[in-house]
Amino acid sequence: MLRRLILAAFLFIFLSSTVFAQTKNSLVVAEQDAPVAFPLFTNNSTPAFYYDSKDAKVVQIAAEAFAGDINLVSGKTIKLNTSGNIADDYAIIAGTIGHAALIDELVKAKQLDVSKIKDQWERFTITVINQPYKKAKKLLVIAGSDRRGTAYGIFHLSRAMGVSPLVWWADVLPAKKQQLFVSGNYTSAAPSVQYRGIFINDEDWGMQPWAAKKMDTDIKDIGPKTYAKVFELLLRLKANYIWPAMHPCTKAFYYYKQNPKVADDYAIVVGGSHCEPMLRNNVCEWAETYEEEYKKKPGEWRYDVNRDEIYKYWDDRIKEAVNYESVFTVGMRGVHDGSMPGPKDPNEKVKLLEKVITDQREILQNNFKKAPEALPQIFVPYKEVLSLYRRGLKLPDDITIIWPDDNYGYIRQLPDDTEQKRSGGNGVYYHLSYWGSPADYLWLSTTSPALIGYEMKKAYDYNAKKLWVFNVGDIKPAELEMQFAMDMAWDINTYDPASASAYIKQWATAAFGTQAMDDIAAIKQSYYSLAAAGKPEHLNMLKFTAKEINERLEAYQKLEDMMNSCAAKIPATLTDAFYQLIKYPAQGAALLNRKILYQQLAQLSLQQNQAAEAKEYLQMAQQHFNIIQEITERYNRFTALGKWNGMMDWKPRNQKVFNAPPVLDSLKPANDSVWTKKQYREGQRVAIVTAQQLYNSKSVAGCTLLNGVGVSGAGLSPSAAKASIAYKTKLNAGTYTIVVKCLPTFAMEKERLLQYSVSFNTGAAQTVNVNAEAETNTWKENVLQGFSAGETTLPLTTSGITAINIELLNKNIVLSQIEIYKVD
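Residue positions are given per chain, counting from 1 as you read along its sequence in written order. It should be noted that, the model being predicted, local features are given only for residues of pLDDT at least 70 and side-chain atom pairs only at 80 or more, the latter also being counted only at that level, while totals for whole chains, interfaces and linings use all residues. Each side-chain value is derived from all of the structure's non-hydrogen atoms; neither hydrogens nor water enter the calculation.

With that out of the way, let us pick up the sheet that holds strand β1 (residues 28-30). Pairing between strands requires that DSSP locate at least two bridges from one strand to the other. Helix and strand definitions here come from DSSP, where helices need a minimum of 4 consecutive H or I residues and strands a minimum of 2 consecutive E residues; each element is numbered from the N-terminal end. On the basis of which strands lie adjacent, the open sheet formed by three strands has the order β1-β8-β2 and antiparallel pairing. Every other strand in the sheet has two partners, leaving β1 and β2 (38-41) as the edge strands with one partner each. Shown here is a sheet whose adjacent strand axes are inclined to one another by a mean of 25°, direction ignored. Two elements, β2 and strand β8 (residues 180-183), share three bridges in a ladder whose sense is antiparallel. The partner of F41 across the bridge, within β8, is L180. We call two residues in contact when some of their heavy atoms are within 4.5 Å. Axes, fitted as lines to C-alpha atoms, cover a helix only where it is in contact. Angles between the N-to-C directions of the axes lie from 0 to 180 degrees. Where helix α2 (residues 57-74) meets the sheet, it contacts β2 and β8, and its direction lies at approximately 80° from that of β2.

We now examine the confidence of the model for the chain. Across the chain, pLDDT averages 94, with 97% of residues at or above 70. Per-residue confidence from the prediction method is given by pLDDT, with values spanning 0 to 100. Here residues 1-24 is a poorly scored stretch, pLDDT under 50, and it has 51 contacts once near neighbours within four places are set aside; other chains count.

The N-to-C vectors of helix α10 (residues 307-321) and helix α11 (residues 346-368) enclose an angle of 35°; their axes lie 10 Å apart at closest approach. In the crossing of α10 with α11, the sense of the turn from one axis to the other is right-handed. Contacts from R307, Y311, W314, D315, I318, K319 and A321 in α10 reach K355, V356, D359, Q360, E362, I363, L364, N366, N367 and F368 in α11. Here the nonpolar group is Ala, Val, Leu, Ile, Met, Phe, Trp, Tyr, Cys and Pro; Asp, Glu, Lys and Arg are the charged ones; every other residue, Gly included, is treated as polar. Tallied by class, residues from the contact of α10 with α11 come to eight nonpolar, three polar and six charged. Definitions for this section: a left-handed crossing has its near helix turned counterclockwise from the far helix by less than a right angle. A right-handed crossing has that turn clockwise.

Here, nonpolar core means buried Ala, Val, Leu, Ile, Met, Phe, Trp, Tyr and Cys residues that are tied together by side-chain atoms lying within 4.5 Å of each other. A simple rule labels every residue: compare its accessible area, found with a 1.4 Å probe on the protein chains alone, to the largest value its type can have, and call it buried under 20%, exposed over 50%, or partly exposed in between. With 221 residues, the main nonpolar core has F231 and F512 as its most contacted residues. Among the elements that make up this core, the one with the highest residue count is helix α18 (residues 575-607) (16 residues). If you look at the next biggest cluster of nonpolar residues, it comprises 32 residues, including V689, C703, A723 and F760.

As a further point, take α10. Spanning 15 residues, α10 covers 21 Å between terminal C-alpha atoms, matching the ideal 21 Å at 1.5 Å per step. Every buried residue of α10 is listed here: E309, I310, Y311, Y313, W314, D315, D316, R317, I318 and A321. Multiplying 1.5 Å by the residue count of a helix minus one yields the expected span of that helix.

The subject of this paragraph is helix α20 (residues 673-684). The first and last C-alpha atoms of α20 sit 17 Å apart over 12 residues, in line with the 16 Å expected at 1.5 Å per residue. For α20, the full list of buried residues reads W675, R681 and Q684. In this structure, the buried residues of α20 make contact with α18, β18 (685-690), β23 (734-742), β26 (788-796) and β28 (815-822). Polar contact is the term for a pair of N or O atoms within 3.5 Å; when the atoms are in protein, one must be able to donate a hydrogen and the other to accept it, and sequence-neighboring residues count only if both atoms are side-chain atoms. For α20, the side-chain oxygen to backbone nitrogen distance between the N-cap and V674 is 3.1 Å, and the N-cap itself is D672.

We now examine the pairing of strand β6 (residues 124-129). Across the six residues of β6, six count as buried, placing the element largely inside the fold. Judged by which residues are buried, β6 turns out to be covered on both faces: F124, I126 and V128 on one side and T125, T127 and I129 on the other are all buried. Relative to strand β7 (residues 138-144), β6 is paired through six bridges, and the arrangement is antiparallel. Across the sheet, residue V128 finds its bridge partner in β7, namely L140. Note: β6 against strand β9 (residues 185-187), three bridges, orientation antiparallel. Looking across to β9, one finds that T125 is bridged to T187.

Attention shifts here to the packing of aromatic side chains. The geometry of an aromatic ring pair is captured by the separation of the ring centres together with the interplanar angle, meaning the angle of the planes. Here a pair means two rings of Phe, Tyr or Trp (six-membered ring of Trp) with centres within 6.5 Å. Their orientation is stacked below 30 degrees between planes, edge-to-face above 60, and tilted elsewhere. Under the defined criterion, the tally for this structure stands at 51 aromatic pairs. An aromatic cluster is present here, built from W286, Y290, Y294, W301, Y303, Y313 and W314 joined pairwise through their rings. Placement of a positive charge over a ring is assigned whenever Lys NZ or Arg CZ falls within 6 Å of the ring centre and within 35 degrees of the normal to the ring plane. Over the ring of W644 we find K476, and its NZ or CZ is 4.3 Å from the ring centre. Of note, R681 hangs over the ring of Y821, and the distance from its end group to the ring centre comes to 4.7 Å.

Okay, the sheet that holds strand β17 (residues 467-473) next. Strand pairing in a sheet relies on backbone hydrogen bonds. The paired strands run either parallel or antiparallel. With respect to topology, eight strands assemble into an open sheet ordered β12-β11-β10-β17-β16-β15-β14-β13, the strand pairing being parallel. Sheet topology places β12 (269-270) and β13 (328-329) at the edges, where each strand pairs with a single neighbour. By the bridge criterion, two bridges tie β13 to strand β14 (residues 377-379) in an arrangement that is parallel. Opposite F328, over in β14, you have Q377 as the bridge partner.

This part covers the packing of helix α4 (residues 147-160) against helix α6 (residues 224-236). Between α4 and α6, the least distance of the axes is 9 Å, while the angle of their chain directions is 80°. Taken together, the axis directions place α4 and α6 in an arrangement best described as roughly perpendicular. The segment α4 lies against α6, with A151, Y152, F155, S158 and R159 engaging E232, L235 and R236. Its residues assigned to classes, the contact of α4 with α6 shows four nonpolar, one polar and three charged. By definition in this entry, angles of less than 35 degrees are roughly parallel, angles greater than 145 are roughly antiparallel, angles of 65 to 115 are roughly perpendicular, and the rest are oblique.

Each reported salt bridge corresponds to a side-chain nitrogen of Lys or Arg within 4 Å of a carboxyl oxygen of Asp or Glu. Inspection of every chain in the model, using the stated rule, returns 44 salt bridges. For R280, the salt bridge identified is with E293, shortest N-O distance 3.0 Å. Separated by 13 residues along the polypeptide, R280 in the loop between β12 and α8 (282-285) and E293 in helix α9 (residues 290-294) bring together distant segments of the chain. Judged by relative accessible area, R280 falls into the buried class, the value being 0%. According to the relative accessible area criterion, E293 is partly exposed, its value standing at 35%. Across the pair R333 and E384 runs a salt bridge, and its minimum N-O distance is 2.6 Å. On the criterion of sequence distance, the pair formed by R333 in the loop between β13 and α11 and E384 in helix α12 (residues 384-390) is long-range, its members being 51 residues apart. In this structure R333 comes out as buried when scored by relative accessible area, which is 2%. One network of salt bridges, in which partners are shared, links E122, R147, R148, R196, D264 and E325.

This paragraph deals with unusual backbone geometry. Glycine aside, a negative phi is what most residues show, and trans is what most peptide bonds show. In this chain, S437 is followed by P438 through a cis amide linkage whose omega measures 0°. Position of P438 among the secondary structure elements: in the loop between β16 (426-431) and α13 (449-461). In the segment running from K476 into P477, the intervening peptide bond is cis, with an omega of 10°. Here P477 shows up in the loop between β17 and α14 (479-490). Even without being a glycine, N407 presents a positive backbone phi close to 85°.

Rendered as structure tokens:
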């Protein structure tokens, strides 16, 4: 009983934390009774649950899911009622203000105060009424300001009971309880970001084959049964928006007419990606099924020569969408994510894009019988479209600009002072998974919550908070990162730059209990930190010295040791969840690292004419290659009794990094210029000083320490007009190269600079710019290795204690570490 009381107290603290996106929470869910508490369930009884049959369909869906959650936690069945006559001593009432008779009666009788949420966007209140005007002894009331607000309130109570949003999607089963009581009241704040959602993308090796095999088996595709589970997940995460799957392996969302109906039932807002204007999936509906729809082949996908056909194609889709809640992507790109066809002259292409958007808004106005300003629209300046926008594209002020990252988690551009004042606002498109140049990362999810938090908080501070959408690939294995992103979009204060592990600990506690929370936080921090210096999928494009390889192998061994130790603390009911969320990603990363790193050690051995050692290393690489396949087979065939069969592919797109190690005869020795330079410089190194060490040395002024980001596990970010470092160390006279490694972020100001200055003692400072524009060779190198770097060569005439002075001159620069090399 004592343990239950402690756990209940911890759960209350957890509910009050930033994970739940509220400023204050006075709703207490505990296993012990109290005089004013409402019994969610006891050994002997459960309350009845009332909702209005005339309310939105999503309220019924949430109520039924809640009944299932009650059964998971208690083993008991809760009765669902749509009658307005309460005949129970204890009853739960859930409904939307103005759409649920019982809620409106309580408001009219002044038993329920909804003044703070009425007519608001997606808000809810949960309150216990101890002396209701109805005959019941006590009521637990969940009132929503709109249909999603009501659903969020119901799922908020589920989460408070200990039911994870990942209860179905990662088999995070809740702990069983004999009884639970609710006391107090709670009113949600307005969400920090209005539209919050995900993009299911690159689904060819996960979501699509799994859905065809396990979900929508009749159509063998991603269809309404799959989307129903996706939409329930979004509701549990308090999300509201989706870009549906759109690769050629998947039919268009609207191809299956039940899909938009299911989205509307779940109150999910449907949009389209940056290359899917006007809710049209061109790779399917223009390139494949156009003839099926129109009984003729399509013309050229080029608006200046085929306007009428493309206009009708868009218009017909909007006719289908008029009864659904949507956000409309405007603009135009190639059929599948290529540049917009049109004139070669970029200025003429800008004019053509302006014509496209004008016509699209005309289509919206004609179909909805509303001014286009009244309908939510987004414009995504992705890749080359950003250059067209920068050329002076005239974009109506009410259209929301969605600023993309560089596909690797670093936002390329954010609104300037004028753009921040746009009536349509701004948003962000951010990647947790990516297919493309310079290298994919489609297998594992290694972008840390700390980096997501830093970049998205920066976006929020630049007033990009109308819409956030995250490319989550197949959802799995990006569950944790996705949940963090959605929690932060609901409440911006979820992100704490001072404590990268705080969220993960809270998440681990909710999923696996207090016994494993510290271990899981340590495992995830190590997992993210190692990937920051080279994602597993990118390792074949990076070169490591023998010293770096051995350090990395040792770190991964420690990671696996922690994971194996932690596994012993996980309850049997959660072993499947632990395998999906913790073990498979960490083990997979370790194994692929070993395969590549042992192969590189073999190459380094050949460089020294040590063929026997090289052969041994290749054998070790082969062993780890084989184990990757074994653990993936376990994931697919045996986890949750085969529930996820088809979801996990260890070699998406059959990229070279996943190939079997070569045989000795075909292996080339490590003799290229990159390896040679790294080995030579390693011999010159005097010291590496991390951001954490600089911060601990008390040599930093005007900086915030960002925990959990970058190659050193922390970064220094300017927090004042003058951000300076004066690090003192003992050096001998000579010539030195000071390398400053930074997060590969982008400058946001017009001058496009990310500068720092460096000097010795009172000597003259030299200024270095580490900003690299996206798609350049320098940028490609930066995102693969996890840092941008500047170098400065400085003379030191006197031996002794030397001050290395660094000033961070632009507010979006983040210093990861400094490296000191003596070059003569």
